[in-house]
Amino acid sequence: MTGSVSESQTLFDKHKMSNRSQILSLQFAGAVFFALALTAAQTHAQPRFEYRPELLHFNQSASRLVWKLKQNGQTREVAQSYVPASLSFVLSPRTNVELATAAGLSQFNQTVSYELNGLSDVRFRISHRLSGDRWFLGAGFNLPTGKNKLDASENAVVNLLTENILGFPMQRTGVGLDAELSIAHALNLSDKLGLGLGTNLILPGKFEYLANDSAQYQPGARFNFNVMLNSIGTPVKWRVNVLAQFFANDKLNQQNFFKQGWQLEPEVAIDWRINREWNASGSFRYVHKAENKLLGLPTSITPPAHFYIDNSALGNLMIDRNFGKNTALGLQLATQAYGKSNQQLSRATIGRVGLRVTQKFSEHWMLGASGVYAVGKAEAGELSLRGYSLAFGLQARL
């Protein structure tokens, strides 16, 4: 059954997505940077491949995330089944090419049911390592193969998928033609101390976002700078990381529309190898968000003044038990506190508990599974949150 969604709400939904539409690019750049700079600070507990792939590296996983939101005696349920896949080819000993896409099946149920199903865009990345693996250069594109023009019922689903605190991996099936450039450098300051530096520039493409409408949305360019200091070769490893993000103006129909405030994210983390069997790790991250600004609006559209959550804090503790070099079982405890927002969910606190298991069968195959249960409150305690996720993943290296 299809319900009605107002034009102003549809724009609001679309605009919340703008902060998340570039996350996949950021995750790619961040993952490569940390692989480069944190080689000596890798978590002890998890089984890992001992060599780089000679030909290709394949990742395939599937997950199910479900949230129930209760307020004033009414319950809303939003769920997503997510199936991502990535394939990395080795072009030369120092050059890799990666292709990635995903499928998503999302539902929102209240008095009526809505769905958003389909494939995501395809991401293409090429990376090259220089100078003894101390320099990294990367470039990539988001190819707009997914569906970007959504109808009212699909935008009703997007309205909840784009809530930052819920953490859905696919907030939208398609955006524009994005381009990305990355550079990172890692060096040893001493035998015990390492330093990593990285920058990342994302240039999003414009796209039409409403079915039966030619309005075009252009997310602003994003520049990121990352500095990380980490210990090397000690039983208790630590790292301190600071990520700064800066944003250009978003445009609606080629007119400046919205200015996202700059963002600063300091993080501290520790990894303690207690003995051969036990390992503990923890992290704490704080997100400081500058004020967002509306730069101009069509007279018929009045979305809220702020689209993104204010200052937030996230803490995580993981305890792992090794069973030889190929099997690990882990317990995760996490707490998250989110600041003010003019989205539906404001001033939220969420606690999570999870289990994970990893099994390496050989230097070519590894399998993992995890489950997480979460509970929390939002809107000054008036809205209760309960959710769970299940995930399975396969890695192959040849």
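Quantities reported herein were computed from a predicted structural model and do not represent experimental measurements.

Engineer: Could you give me a rundown of the sheet that holds strand S17 (residues 293-294), with the residues and numbers involved?
Structural biologist: A sheet is described by the order of its strands in space; here 5 strands give the open sequence S9-S10-S13-S14-S17, paired in antiparallel fashion. Looking along the sheet, the strands with just one partner apiece sit at the ends: strand S9 (207-208) and S17.

Engineer: Please provide a residue-by-residue account of the side chain of glutamate 265, values included.
Structural biologist: Along the chain, glutamate 265 turns up in strand S15 (residues 263-273). When its relative accessible area of 9% is taken as the criterion, glutamate 265 is described as buried. There is a polar contact of 3.0 Å between the side chain of glutamate 265 and the side chain of glutamine 245. Discounting residues that sit within four places of it in the chain, glutamate 265 has contacts with Asn241, Val242, Leu243, Gln245, Arg285, Tyr286 and Val287.

Engineer: Explain the pairing of strand S7 (residues 178-188) to me, using residue names and the numbers behind them.
Structural biologist: Pairing of strand S6 (residues 135-143) with S7, which is carried by 8 bridges, proceeds in the antiparallel orientation. Within S7, the residue paired with leucine 137 across the bridge is isoleucine 183. For S7 and strand S8 (residues 193-203), the ladder comprises 10 bridges, and the chain directions are antiparallel. Paired with glutamate 180 across the bridge in S8 is isoleucine 202. If you look at the hairpin formed by S7 and S8, you'll find 4 residues sitting between the two strands.

Engineer: A description of the nonpolar core should follow, citing residues and the corresponding values.
Structural biologist: Trp67, Leu69, Val78, Ile165 and Leu385 are the most contacted members of the largest nonpolar core, which totals 27 residues. Where this core is concerned, the elements lending two or more residues are strand S1 (56-71), strand S4 (113-119), helix H3 (152-161), strand S21 (365-378) and strand S22 (383-397). For this core, the element with the highest residue contribution is H3, accounting for 5 residues. Residues in contact with leucine 385, not counting those within four places in the same chain, are Trp67, Lys68, Leu69, Ile165, Ile350, Ala374, Val375, Gly376, Lys377 and Ala378. With 9 residues, the next largest nonpolar core counts Phe207, Tyr209, Tyr217 and Phe257 among its residues.

Engineer: Please set out the packing of aromatic side chains residue by residue, giving values where relevant.
Structural biologist: Scanning the entire structure with this criterion turns up 3 aromatic pairs. When the ring of phenylalanine 108 is compared with that of tyrosine 114, the centres are 5.7 Å apart and the planes differ by 20 degrees; the resulting orientation is stacked. Across this residue pair, the class does not change: phenylalanine 108 and tyrosine 114 are buried. Ring plane angle 85 degrees and centroid distance 5.9 Å describe the contact between phenylalanine 207 and tyrosine 217, whose orientation is recorded as edge-to-face. Taken together, the residues phenylalanine 207 in strand S9 and tyrosine 217 in strand S10 (residues 216-218) connect sequence positions 10 residues apart.

Engineer: Requested: an account of unusual backbone geometry, with residues and values cited.
Structural biologist: Non-glycine residue asparagine 212 carries a positive phi angle of around 60 degrees. Residue position: asparagine 212 is located in the loop between S9 and S10. Positive phi is not limited to glycine here, since glutamine 254 has a value of about 70 degrees. Within the element layout of this structure, glutamine 254 appears in the loop between strand S13 (249-252) and strand S14 (255-259).

Engineer: Could you give an account of the environment of phenylalanine 225, with specific residues and numbers?
Structural biologist: Following the sequence through the fold, phenylalanine 225 ends up in strand S11 (residues 222-231). C-alpha of phenylalanine 225 to C-alpha of leucine 197: the two residues are 28 residues apart in sequence and 7.7 Å apart in space. Excluding residues within four positions of it along the chain, phenylalanine 225 makes contact with Leu197, Gly198, Thr199, Val242, Leu243 and Ala244.

Engineer: Describe the pairing of S21, listing the residues and the values that go with them.
Structural biologist: As paired strands, strand S20 (residues 349-360) and S21 are joined by 12 bridges and run antiparallel to one another. Bridge assignment links valine 353 to a residue of S21, and that residue is tyrosine 373. Where S20 hands over to S21, the hairpin turn is made up of 4 residues, counted between the paired strands. Direction of pairing for S21 relative to S22: antiparallel, over a ladder of 14 bridges. The residue of S22 that forms the bridge with tryptophan 365 is alanine 396. Between S21 and the antiparallel strand that follows it, S22, lie 4 residues; glutamate 379 among them carries a positive phi value of about 55 degrees.

Calculation notes
- Residues numbered from 1 in each chain as written.
- Predicted model: local features only at pLDDT ≥ 70, side-chain atom pairs only at ≥ 80, totals over all residues.
- Heavy atoms only, no water.
- Pairing = 2+ DSSP bridges.
- Helix = DSSP H or I, 4+ residues; strand = E, 2+ residues; numbered from the N terminus.
- Buried < 20%, exposed > 50% of the residue type's maximum accessible area, 1.4 Å probe, protein only.
- Polar contact = N/O pair within 3.5 Å; in protein donor to acceptor, adjacent residues only side chain to side chain.
- Contact = heavy atoms within 4.5 Å.
- Core = buried A, V, L, I, M, F, W, Y, C linked by side-chain atoms within 4.5 Å.
- Phe/Tyr/Trp six-rings, centres within 6.5 Å; stacked < 30°, edge-to-face > 60°.

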